[in-house]
Amino acid sequence: MTIEAAWPELSKLLGDRITRSKSELETHGASESYFPLTLPDAVAYPENTQEVSALVTICAAHSVPVIGWGAGTSLEGQAQAFQGGICVDFSRMNRILEVSQGDMDARVQPGLTREVLNEKLRATGLFFPVDPGANASIGGMASTRASGTTAVRYGTMRDNVLGLEVVLADGRVIRTGTRARKSSAGYDLTGLFVGAEGTLGLITELTLRLHGQPEAVTSAVCAFDTIGDAVRAVTDAIQMGIPMARVEFVDAATVQVFNEYAGAGMPEAPHLLLEFHGSPTSVAEDAESFGEIVADHQGHGFQWASGAEERKALWTLRHHAYWAILQTRPGTRAVVTDICVPISRLAEAVEATQADLDAQGIRGPILGHVGDGNFHAILLFDPDDTEELARVKAAADRLVDRALSMGGTATGEHGIGTGKKVFMAREHGDAWGVMGDIKRSLDPNNLMNPGKMVPDAN
């Protein structure tokens, strides 16, 4: 059946908050990465859970696919309507519903972005730590099991979502988890929906774990002769129990971009970017201990950034790296890919990837989260050059093959979508089929973000 059959009921439900205008469809059909513009049939803007439930019920009755949309920053095609259907934009469901300072948690709607959340939390002495770089929506971050620069200290979305409200494929509304910090009561349904990429239901509310704002924060940047030296310094620090809040690495090509587009003045060599949280005394002690480790691994150019503006400038460099890299070759797009390997294999994986890209003549700066073995490659290509895109995608595929052969994963934080489905059978074996069984059980008509992550329906 088509959208036409469902349209009268959808229009009655949402009025002018459901649209088929060309501009709206194009906005919600674009990708941050290499996927082509793919238009949904309509875009809906619900304002509460009841409307989402009613919308899904109508779509189920007329076999119309439903695709969730947060901020549109996903990188593997998760938010695109490749099989048509309704794009459900959660930007109007963006409120903080409750903050409990005593319990250090908050209930929020999925369209709230992480930057707005932390701005509102500033006066409470609490903050939400997951920082994927982009100002992503909280619902989208949960759906892709996002992490980012602070995961080494605070964990990923999996560790910071206590409970969810979810609308299932038949319109039912369920709640998973509680505000208690642990439970042995049944299946972990919260964990099931965190990272499901909207294939099992639409998240309409989240209960989040909050953390105390650190009394003192200091950041640092230091250079190394090789990626191997940088990785070994971090490995030693982790083994010594030094509690780093962030520890990022960037390769020499990325540093060159920082210098050209932000006047960073950094030596064009691999660098670590670090941050420590705690009391003034503990931060100073941790920084001193890490400085000693850096010296043992031939680190140099060590610079501390204790002031808030200096720290902000440092992490703005890191978060804007993607856009700065695109500017090095105007008119290009990028295959933005990530993998994660055991930390002991990280240097080997990065060096092998650099050698592969050099051999293929592909510009692909590398940066990532050295504290958990996750790194990204931003592989540039001319969108009008199909041969170059093919070479870039082949290099990205080899990167994943390399990670899997090292005991790693096809993606540490970007997710699967459609872009990395081809690797799921190799990584998970028969367990991928079990994921498909779960999908069919909860969504027998394959209407919730179809074509993503799990095996295609027979």
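I will try to describe carefully the structure that is included in this document. Because the structure is a prediction, the values reported are computed rather than measured.

### So, the environment of Ser53
Mapped onto the fold, Ser53 is located in helix H3 (residues 49-61). Classification of Ser53 by relative accessible area gives buried; the value is 15%. For Ser53 and Ser405, which are 352 residues apart along the polypeptide, the C-alpha to C-alpha distance reads 43 Å. For Ser53, the contacting residues outside a window of four places in its chain are Val167, Gly171 and Val173. A polar contact of 2.5 Å, which involves the side chain of Ser53, links it to the backbone oxygen of Gly171.

### Section: the sheet that holds strand E2 (residues 42-44)
If you trace the four strands from one edge of the open sheet to the other, you get E1-E2-E4-E3, paired in mixed fashion. Each of the sheet's edge strands pairs with one partner strand only, and the pair in question is strand E1 (18-19) and strand E3 (66-69).

### Description of the environment of Val422
Tracing the chain through its elements places Val422 in the loop between helix H15 (386-405) and helix H16 (424-428). According to the relative accessible area criterion, Val422 is exposed, its value standing at 63%. Separated by twelve residues in the primary sequence, Val422 and Ala410 have C-alpha atoms spaced 9.9 Å apart.

### Quick look at H3
Since one α-helical turn is 3.6 residues long, residues separated by three or four positions face the same way. With 13 residues, H3 extends 18 Å from end C-alpha to end C-alpha; this agrees with the ideal 18 Å at 1.5 Å per step. Ser63, located one to two residues past H3, shows a positive phi value of around 55°.

### Some details on helix H11 (residues 280-296)
Spanning 17 residues, H11 covers 25 Å between terminal C-alpha atoms, matching the ideal 24 Å at 1.5 Å per step. Positive phi shows up at Gln298, right after H11, with a value of about 60°.

### Considering the pattern of salt bridges
Per the stated rule, a full pass over the model turns up 30 salt bridges. For Arg17, the salt bridge goes to Glu47, with nearest N and O atoms at 3.7 Å. Taken as a pair, Arg17 in the loop between helix H1 (3-14) and E1 and Glu47 in the loop between E2 and H3 lie far apart in primary sequence, 30 residues in all. Residue class for Arg17 comes out buried when judged on its relative accessible area of 12%. Taking the relative accessible area as the measure of exposure, Glu47 reaches 36% and is therefore partly exposed.

### Regarding the packing of H1 against H3
Where H1 meets H3, the closest approach of the two axes is 10 Å, and the angle between their N-to-C directions is 170°. As summarised for this structure, H1 and H3 are arranged roughly antiparallel, according to the angle between their axes. Packed against H1, whose contacting residues are Ala6, Glu9, Leu10, Leu13 and Leu14, the element H3 presents Glu51, Ala54, Leu55, Ile58 and Cys59 at the interface. Here the residues of the contact of H1 with H3 sort into eight nonpolar, no polar and two charged.

### Observations regarding the nonpolar core
Among the nonpolar cores identified, the biggest contains 49 residues, and Met244, Phe249, Leu272, Leu274 and Phe375 are the most heavily contacted of them. Broken down by element, this core gets its largest block of residues, seven residues, from H15. If you look at the next biggest cluster of nonpolar residues, it comprises 26 residues, including Val130, Leu168, Phe193 and Leu200.

Criteria and cut-off values
Residues numbered from 1 in each chain as written. Predicted model: local features only at pLDDT ≥ 70, side-chain atom pairs only at ≥ 80, totals over all residues. Heavy atoms only, no water. Helix = DSSP H or I, 4+ residues; strand = E, 2+ residues; numbered from the N terminus. Buried < 20%, exposed > 50% of the residue type's maximum accessible area, 1.4 Å probe, protein only. Contact = heavy atoms within 4.5 Å. Polar contact = N/O pair within 3.5 Å; in protein donor to acceptor, adjacent residues only side chain to side chain. Pairing = 2+ DSSP bridges. Expected span 1.5 Å × (residues − 1). Salt bridge = Lys/Arg side-chain N within 4 Å of Asp/Glu carboxyl O. Axes fitted to C-alpha atoms, helices over the stretch in contact; angles between N-to-C directions. Parallel < 35°, antiparallel > 145°, perpendicular 65-115°, else oblique. Nonpolar A, V, L, I, M, F, W, Y, C, P; charged D, E, K, R; others polar. Core = buried A, V, L, I, M, F, W, Y, C linked by side-chain atoms within 4.5 Å.

These values are about where atoms sit, not about what they do.
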